[in-house]
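# An overview of the molecular structure
If you want the building blocks of each chain, they are given just below.
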Amino acid sequence: MPATPVVPDGKRPTLADVAARAGVSTALVSIVMREAKGASAATRERVLEAAREIGYRPDSRARLLRSNRSRLLGVQFGLQHPFHTDLVEGIYIAAESAGYQVALGAVAPSRSERQAVETLLGDRCEALILLGPQAPAARLAELSAHLPVVSVVRRLRPPAAGVDVVRTADDEGARQAVDHLVALGHRDIAHIDGGKAPGAADRRRGYRTAMNRHGLADHARVLPGGLTEEDGATAARTLLDARPRPTAVLAFNDRCATGVLDAFLRARVSVPDEISVVGFDNSHLARLTHIDLTTVGQDASRLAELAVGRAVARLEGEEPSGTETVIAPHLVTRGTTAAPPDGVQPVVRG
């Protein structure tokens, strides 16, 4: 075996380093790495062993650039949204199974959706998967004219031409939450709204529909809220001053619900003994032991799988664009909901 080539610290081993280690030409190493014809089984094994010894890994992006394909799926996500983290994890798994890689474009208070998308386009992503995009439908349609675009967890009204949608039935999720609380005996159930956030209008409508169906329209209360803990805490403080005070709260999402829980804790209001709280998403935040939040679950793995599937199908020319796929939510009951305090009578429907 030839002497081990010197690879400077921090430098990535190259084809030439592998060739020197294996005692063959760089061209032969290239043939082996491309799995092309022209090398014997013994030579292939020697080259691969040399590559393992010096830690060489083929530059897949460079190879794809040479083939005029990036096989990159660009994913725009909200840096501050726990549920987006769950979706990204699922997208990585689904993309790898499909033979694609993932590039991430984060949206943050200091970084707009447009900046995130422009970065992904600059990385030569072949398709965009947008998690909860808030851009106008016209902007999404403009993007879809150039490459496949999949909008996740947002209903597009009006539809954006050519944009595929993968989402949860948000209105049904809100109805499930209200049904659960009514079954426990609650009548005064408030909803902390999500404003203009994706899904907020559907959840608000589902809440009102369920309250009406249970004959509780007069007890319906929708408070301004938002996506963050601060939004939830602000709304919760308003509820604490309300008379009568509601016995249950449906928050827009798990982050908002966490802010509600914090405000109630600081006010020494016991959850769920004095008031029940329900979130939405079933993000990893809701599953933390000290939070133990009852919440409406969105199937992050399934949403991710469907989103990647739509993007890949478009890239491979297998299916038309502009489809909408809606999956059912499911209530996850944990420790923040219980029967209302003594003296509150349950609703009995005929």
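Summarised in this report is the structure supplied together with it. Predicted model only: the values in this text are computed from it and were never measured.

### Topic: the overall build of the protein
When helices and strands are tallied, the protein shows 12 helices and 12 strands. A compact globule built from 350 residues would reach a C-alpha radius of gyration of about 20 Å, whereas the protein, at 26 Å, exceeds it by more than 25%. Structurally, the protein occupies a C-alpha span of about 85 × 40 × 40 Å along its principal axes. Look at the contacts in the protein between residues 6 or more apart in sequence, and 67% of them connect residues 24 or more apart. With an accessible surface of roughly 16,600 Å², the protein has 51% of that area assigned to carbon and sulfur atoms. Of note, the protein has its 43 positive side-chain charges centred 4 Å away from the centre of its 41 negative side-chain charges.

### Digging into the pattern of salt bridges
Under the definition given, this model contains 22 salt bridges. Between Asp202 and Arg167 there is a salt bridge, with its nearest N and O atoms 4.0 Å apart. In this pair, Asp202 is assigned in helix 9 (residues 200–213) and Arg167 in strand 5 (residues 164–168), connecting sequence segments 35 residues apart. For the pair Asp202 and Arg167, one class covers both residues: buried. Between Arg255 and Glu229 there is a salt bridge; the shortest N-O distance is 2.8 Å. Here Arg255, found in helix 11 (residues 254–266), pairs with Glu229, found in helix 10 (residues 229–241); they are 26 residues apart in sequence, far enough to count as distant.

### Focus: the environment of Pro198
You can see Pro198 is positioned in the loop between strand 6 (189–192) and helix 9. Judged by its relative accessible area of 17%, Pro198 is buried. Taking the C-alpha atoms as reference points, Pro198 and Gly185, separated by 13 residues in sequence, lie 30 Å from one another. Apart from the residues within four sequence positions on either side, Pro198 is in contact with Gly132, Pro133, Gln134, Val153, Arg154 and Phe252.

### Points about the sheet that holds strand 2 (residues 101–107)
Spatial strand order, 2-1-3-4-5-11: 6 strands in an open sheet with parallel pairing. The sheet terminates laterally at strand 2 and strand 11 (324–327), the two strands that pair on one side only. Strand-to-strand twist across the sheet, computed as the mean angle between neighbouring axes with direction ignored, equals 15°. Set on the sheet, helix 6 (residues 113–122) makes contact with strand 1 (72–78), strand 2 and strand 3 (127–131); between it and strand 2 the angle comes to about 155°.

### Topic: the layout of surface pockets
Taken as a whole, the largest pocket encloses approximately 530 Å³ of empty space. As for the largest pocket, its lining consists of 31 residues, of which His81, His84, Gly132, Gln134 and Leu227 are closest to the centre. Within the residue set of the lining of the largest pocket, elements represented by two or more residues are strand 1, helix 5 (82–97) and helix 11. By residue class, the composition of the lining of the largest pocket is 13 nonpolar, 11 polar and 7 charged.

### Here's the deal with the packing of aromatic side chains
For the structure on display, the rule yields 0 aromatic pairs. The side chain of Arg203 reaches across the aromatic face of Phe252, ending 4.6 Å from its centre. In this arrangement the basic side chain of Arg203 is found over the ring face of Phe280, its NZ or CZ atom lying 3.7 Å from the centre.

### Details of unusual backbone geometry
Cis geometry marks the peptide bond from Arg243 to Pro244; its omega dihedral reads 0°. Take Pro244: it is sitting in the loop between helix 10 and strand 8 (248–250). Following Val271, the chain continues to Pro272 via a peptide bond in cis, the omega torsion being 10°. Note on placement: Pro272 falls in the loop between helix 11 and strand 9 (276–281). A positive phi angle is found at Arg71, which is not glycine, with a value near 50°. You can see Arg71 is positioned in the loop between helix 4 (60–66) and strand 1. Using a relative accessible area of 23% as the deciding quantity, one classes Arg71 as partly exposed. Backbone geometry at Asp281 places phi at a positive 130°, although glycine is not the residue there. Of note, Asp281 is situated in strand 9. With a relative accessible area of 10%, Asp281 lands in the buried category.

Cut-offs and rules
- Residues numbered from 1 in each chain as written.
- Predicted model: local features only at pLDDT ≥ 70, side-chain atom pairs only at ≥ 80, totals over all residues.
- Heavy atoms only, no water.
- Helix = DSSP H or I, 4+ residues; strand = E, 2+ residues; numbered from the N terminus.
- Rg over C-alpha atoms; globule rule 2.2 N^0.38 Å.
- Contact = heavy atoms within 4.5 Å.
- Areas by Shrake-Rupley, 256 points an atom, 1.4 Å probe, with all protein chains shown as cover.
- Lys, Arg positive; Asp, Glu negative; His and termini not counted.
- Charge placed at Lys NZ, Arg CZ, Asp CG, Glu CD.
- Salt bridge = Lys/Arg side-chain N within 4 Å of Asp/Glu carboxyl O.
- Buried < 20%, exposed > 50% of the residue type's maximum accessible area, 1.4 Å probe, protein only.
- Pairing = 2+ DSSP bridges.
- Axes fitted to C-alpha atoms, helices over the stretch in contact; angles between N-to-C directions.
- 1 Å grid on protein atoms, 1.4 Å probe; cavity = no way out; pocket = protein on both sides within 12 Å on 5 of 7 lines; lining within 4 Å.
- Points joined across faces, edges and corners; volume = space filled by probe spheres on them.
- Nonpolar A, V, L, I, M, F, W, Y, C, P; charged D, E, K, R; others polar.
- Phe/Tyr/Trp six-rings, centres within 6.5 Å; stacked < 30°, edge-to-face > 60°.
- Lys NZ or Arg CZ within 6 Å of the ring centre and 35° of its normal.

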